[in-house]
Amino acid sequence: MKTQVAIIGAGPAGLLLGQLLAKSGIANIVLEQRSPEYVLGRIRAGVLEQTAVDLLDEAGVGARMHREGLPHDGVELCFAGQRHRIDLHGLTGKRVMVYGQTEVTHDLMDARTAAGLPTVYEAQDVRLEGFASDTPRVHYEKDGVTHTVDCDFIAGCDGFHGVCRASVPAEHITTHEKVYPFGWLGLLSDTPPVSPELIYVHHERGFALCSQRSKTRSRYYVQCSLQDDVAQWSDDAFWEELKSRLPADTAAQLVTGASLEKSIAPLRSFVAEPMRFGRLLLAGDAAHIVPPTGAKGLNLAASDVGYLWQGLTEHYRGGAGGLDHYSERALARIWKAERFSWWMTSLMHRFPDTGSFGERMQQAELAYLFGSTAAMTVLAENYVGLPMR
Ligand code: FAS
Ligand code: PHB
């Protein structure tokens, strides 16, 4: 088949790009290695910046998000047993939207199906060809048959472990990486959130996060060892560990229940440069990873897609240079979010080898933060999301 843009990956980046390109009249196909059920079964992000909300509205998929999503004006950081509220809206005039990535993906999948846009799930052995030329192609297997897609561009939206970045010759790409010495054990439960807003917890036993998906569904995390196996964590063990990291009055209000999902995610900071290789363009986790402490992963995927949509639209309208600046524009925002995510992770987690001086540095920074409007404003404007220039 022939199309204009072949999108590899049906995660939020690939599906959002597909909807925006279709809105601009740019033909595209999405090739996804997994089933829709598998994609929707992955429990990931929960907080959307206004930039992501605006792009989902632009793509025509924001209705349920505005009906069911929870706008949050503030977020809490807990340190030395004390909860401190950061007044996001008061300090920046902006808020964040609590609406799970699963729901975002569901809305995008439904919209793509309703529009009858070509999508191939369980596409196996995707292979890229000729993206250094003007006539790139994508090959894939489906039900034992090899298919070929002739296209103008390939959008690599296939995540950290995808085939697209891996297809770039090593001499044409530079990567930057930091792996953190711990993971996040996450639990999803149909229990009411312990607090109306999110609570990020700094504790001597380790980091914890109280998040939510709705007024009846909660998402909690505790920092854990990379040697931990999720099978060794019973629900009761998880709830006891979470309670031990919360202030006593908060722990007393925690409603526990059976886990709907439980998983351990490793934490890393990663950026690949550049993000364009001829007719191949990377977006989302295919190009970068952030530790989830700053709630930036999904939001960066959205802003990459916003820049890529602008560049491709300009290209097809005959404009010069739209795509030439894609990588530079996206990376400028990515590196600022990488810094914020690294800073939040460094501030809030227990690092086994940091020593007493490192612990005192964390305590001093947290004590300064809660006593300084300027410091809280810096955190707030990064958390709500920096503008897309
Ligand atoms: P995705 O990884 O979501 O999607 C890529 C898609 O490409 C997948 O569906 C995959 O199956 C497909 N694919 C891969 N290889 C392919 C191939 N060869 N051929 C065809 N398809 C292929 N972010 C937050 O903000 N907060 C969080 O709490 C959070 N938790 C996370 C937990 C985990 C375990 C992970 C892995 C990520 C988490 N993230 C979190 C980040 C996450 O939300 C990503 O930023 C977001 O999924 C990025 O979306 P995509 O770039 O679309 O990549
Ligand atoms: C989540 O709800 O999954 C979530 C929220 C905020 C984060 C990370 C994860 O920083």
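Refer to the structure presented above.
Notes on the structure follow. Bear in mind the structure is a predicted one, so any value in this text is a computation, not a measurement. (Residues numbered from 1 in each chain as written. Chains lettered and ligands numbered in written order. Predicted model: local features only at pLDDT ≥ 70, side-chain atom pairs only at ≥ 80, totals over all residues. Heavy atoms only, no water.)

### What about the site of ligand 2?
Link 1 in the chain: Around ligand 2, the surrounding shell holds 15 residues, and the nearest of these are Tyr200, Ser211, Arg213, Tyr221 and Pro292.
Link 2 in the chain: Arg213 has a polar side-chain atom sitting 2.6 Å from an oxygen atom of ligand 2.
Link 3 in the chain: At 2.7 Å, a backbone N or O of Pro292 approaches an oxygen atom of ligand 2.
Link 4 in the chain: Computed on the free molecule, ligand 2 has an accessible area of 280 Å², of which 97% lies beneath the protein chains in the complex.
Link 5 in the chain: For the shell around ligand 2, the secondary structure elements donating two or more residues are strand S15 (208-212) and strand S16 (218-224).
Link 6 in the chain: Across the shell around ligand 2, the residue classes tally to nine nonpolar, three polar and three charged. (Near = heavy atom within 4 Å. Polar contact = N/O pair within 3.5 Å; in protein donor to acceptor, adjacent residues only side chain to side chain. Areas by Shrake-Rupley, 256 points an atom, 1.4 Å probe, with all protein chains shown as cover. Helix = DSSP H or I, 4+ residues; strand = E, 2+ residues; numbered from the N terminus. Nonpolar A, V, L, I, M, F, W, Y, C, P; charged D, E, K, R; others polar.)

### Details of the pattern of salt bridges
Opposite charge on two side chains permits them to pair, given that their charged atoms come into close proximity.
Link 1 in the chain: One pass over the structure, following the stated rule, counts 23 salt bridges.
Link 2 in the chain: The closest approach of N and O atoms between Glu49 and Lys296, which form a salt bridge, is 2.6 Å. Note that Glu49 is positioned in the loop between strand S3 (47-48) and helix H3 (50-58) and Lys296 in the loop between strand S20 (288-289) and helix H9 (297-316), a separation of 247 residues in sequence.
Link 3 in the chain: In this structure Glu49 comes out as buried when scored by relative accessible area, which is 2%.
Link 4 in the chain: One salt bridge connects Arg127 with Glu141, and the closest N-O pair in it is separated by 3.5 Å. (Salt bridge = Lys/Arg side-chain N within 4 Å of Asp/Glu carboxyl O. Buried < 20%, exposed > 50% of the residue type's maximum accessible area, 1.4 Å probe, protein only.)

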